[in-house]
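Residue-level structure breakdown
Chain by chain, the residues run as shown.
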Amino acid sequence: MAARRALKAVLVDLSGTLHIEDSAIPGAQEALKRLRSAPVAVKFVTNTTKECKRTLFERLKKLEFDIAEDEIFTSLTAARNLLEHKQLRPVLLVEEGALEDFQGIDTSDPNAVVIGLAPEHFNYQTMNSAFRLILDGAPLIAIHKARYYKRKDGLALGPGPFVTGLEYAADTKATVVGKPEKTFFLEALRDLGCSPEEAVMIGDDARDDVGGAQNAGMLGILVRTGKYRQGDEGKINPLPYLTCDGFPQAVEHIIENLL
């Protein structure tokens, strides 16, 4: 890893770190206000594929988070950017609420498969149709491959098991566009004008948030909220820069030790 520089930016995960569905993590709004008062840029990065960015932003505003819509960078945006760059016509295996972020993308005569978290689509007929397209040469694009995520009623399967099933059946490898991919983090930092060595990531997913960020050259702070389970910090190498109880404690550490 390159030598650390003065901290310029903080990337913050959303689901599981600031909120779980329609409930805020205790103390998160006040901690974000405190972080806003520090001399660092703040950006919010998420693998959420259940809803478009506009709906996610409205949810966060109802929870009284101090967030602007253009500060949110999603894996849906990264997927759209890839489709436009490669001029692909996808089958979109995403939730109805996420389709808004793909408006204008040609989906006629599809030659690619894009898969996110889409429980309504994860049935034999739909998955088999995707499998056949991939066999015919269509690239498989995974918005992300999270194993599971946190809902109010407990942990729930993410898109990862379904992406892996298609990879196994079609003997192929998906292109992953969201966290933990290095390109995702670099794209998120691009308009902040700083390098990975000048940034820190806060999230509840040891592999996708913290491991991905640290592999990109950032510091990673793991919070014990959301999907976190005891021992998660030991599942990545190098270990997280810091593991703490929640977002307020992460902000406290940043202000007291990194600025």
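Cut-off values and rules
Residues numbered from 1 in each chain as written. Predicted model: local features only at pLDDT ≥ 70, side-chain atom pairs only at ≥ 80, totals over all residues. Heavy atoms only, no water. Pairing = 2+ DSSP bridges. Helix = DSSP H or I, 4+ residues; strand = E, 2+ residues; numbered from the N terminus. Axes fitted to C-alpha atoms, helices over the stretch in contact; angles between N-to-C directions. Salt bridge = Lys/Arg side-chain N within 4 Å of Asp/Glu carboxyl O. Buried < 20%, exposed > 50% of the residue type's maximum accessible area, 1.4 Å probe, protein only. Phe/Tyr/Trp six-rings, centres within 6.5 Å; stacked < 30°, edge-to-face > 60°. Lys NZ or Arg CZ within 6 Å of the ring centre and 35° of its normal. Parallel < 35°, antiparallel > 145°, perpendicular 65-115°, else oblique. Left-handed = near helix turned anticlockwise from the far one by under 90°. Contact = heavy atoms within 4.5 Å. Nonpolar A, V, L, I, M, F, W, Y, C, P; charged D, E, K, R; others polar.

With respect to the pairing of strand E10 (residues 154–157)
The sheet contact formed by strand E9 (residues 148–151) and E10 spans four bridges and is antiparallel. In the sheet register, Tyr-149 faces E10, and the bridge partner there is Ala-156. Where E9 folds back on E10, the antiparallel hairpin that results is connected by two residues.

Section: the sheet that holds strand E4 (residues 41–46)
Strand order in the open sheet formed by six strands is E5-E4-E1-E12-E13-E14, with parallel pairing between adjacent strands. Every other strand in the sheet has two partners, leaving strand E5 (72–74) and strand E14 (242–244) as the edge strands with one partner each. Along the sheet, successive strands turn relative to each other by an average axial angle of 25 degrees, direction set aside. Note that E4 and E5 share three bridges and pair parallel. Across the sheet, Val-45 pairs through a bridge with Phe-73, a residue of E5.

What to know about the pattern of salt bridges
Two side chains that carry opposite charge are able to pair once their charged atoms sit near each other. Applying the stated criterion across every chain yields a total of 20 salt bridges. Among the ionic pairs, Lys-179 bridges to Asp-13, the shortest N-O distance being 2.9 Å. On the criterion of sequence distance, the pair formed by Lys-179 in the loop between strand E11 (175–176) and helix H6 (182–190) and Asp-13 in the loop between strand E1 (9–12) and strand E2 (19–20) is long-range, its members being 166 residues apart. Given a relative accessible area of 2%, Lys-179 falls into the buried group. For Asp-13, a relative accessible area of 4% corresponds to the buried category. Among the salt bridges present, the one from Asp-191 reaches Lys-43, with a minimum N-O distance of 2.7 Å. Of the two residues, Asp-191 sits in the loop between H6 and strand E12 (199–203) while Lys-43 sits in strand E4, which places them 148 residues apart along the sequence. The class for Asp-191 is exposed, based on a relative accessible area of 57%. Judged by relative accessible area, Lys-43 falls into the buried class, the value being 5%.

Some words on the pairing of E12
Within E12, five of the five residues are buried, which leaves the element mostly enclosed by the surrounding structure. Burial along E12 is two-sided: the residues Ala-199, Met-201 and Gly-203 and Val-200 and Ile-202 are all buried. The pairing of E1 with E12 spans four bridges and is parallel. Across the sheet, the residue bridging to Val-12 is Ile-202, located in E12. Two strands pair when backbone bridges link them, and E12 and strand E13 (residues 219–223) are joined in this way by four bridges, in the parallel orientation. The residue bridging Ile-202 from the neighbouring strand is Ile-221, located in E13.

Some remarks on the packing of aromatic side chains
According to the stated counting rule, one finds three aromatic pairs in the structure shown. Ring geometry for Phe-122 against Phe-162: centres 3.9 Å apart, planes inclined by 15 degrees, an arrangement best described as stacked. Of this pair, Phe-122 sits in the loop between strand E7 (112–115) and helix H4 (124–135) while Phe-162 sits in helix H5 (residues 160–170), and the two are 40 residues apart along the sequence. We classify Phe-162 as partly exposed; its relative accessible area is 23%. What links up through ring pairs into an aromatic cluster is the set Phe-73, Phe-184 and Phe-185. Here the guanidinium or amino end of Lys-227 rests over the ring plane of Tyr-148, the centre of that ring lying 4.9 Å away.

Notes on unusual backbone geometry
For residues that are not glycine, phi is negative in most cases, and the peptide bond is trans in most cases. Residues Lys-179 and Pro-180 are joined by a peptide bond in cis, for which omega reads 15 degrees. Geometrically, the link from Asn-237 to Pro-238 is a cis peptide bond, its omega value of 5 degrees lying close to zero. The backbone of Glu-21 shows a phi angle near 55 degrees, a positive value even though the residue is not glycine. Overall, Glu-21 belongs to the partly exposed group, its relative accessible area being 25%. For Asp-109, which is not glycine, the phi dihedral falls at a positive 45 degrees. With respect to the secondary-structure elements, Asp-109 resides in the loop between strand E6 (90–93) and E7.

Some thoughts on the packing of H4 against H5
For the pair H4 and H5, the least separation of the axes is 10 Å and the interaxial angle reads 45 degrees. With respect to H5, the axis of H4 lies oblique. Between H4 and H5 lies a crossing whose hand is right-handed. Within the contact between the two elements, H4 uses Met-127, Ala-130, Phe-131, Ile-134 and Leu-135 and H5 uses Phe-162, Leu-166, Ala-169 and Ala-170. When its residues are assigned to classes, the contact of H4 with H5 shows nine nonpolar, no polar and no charged.

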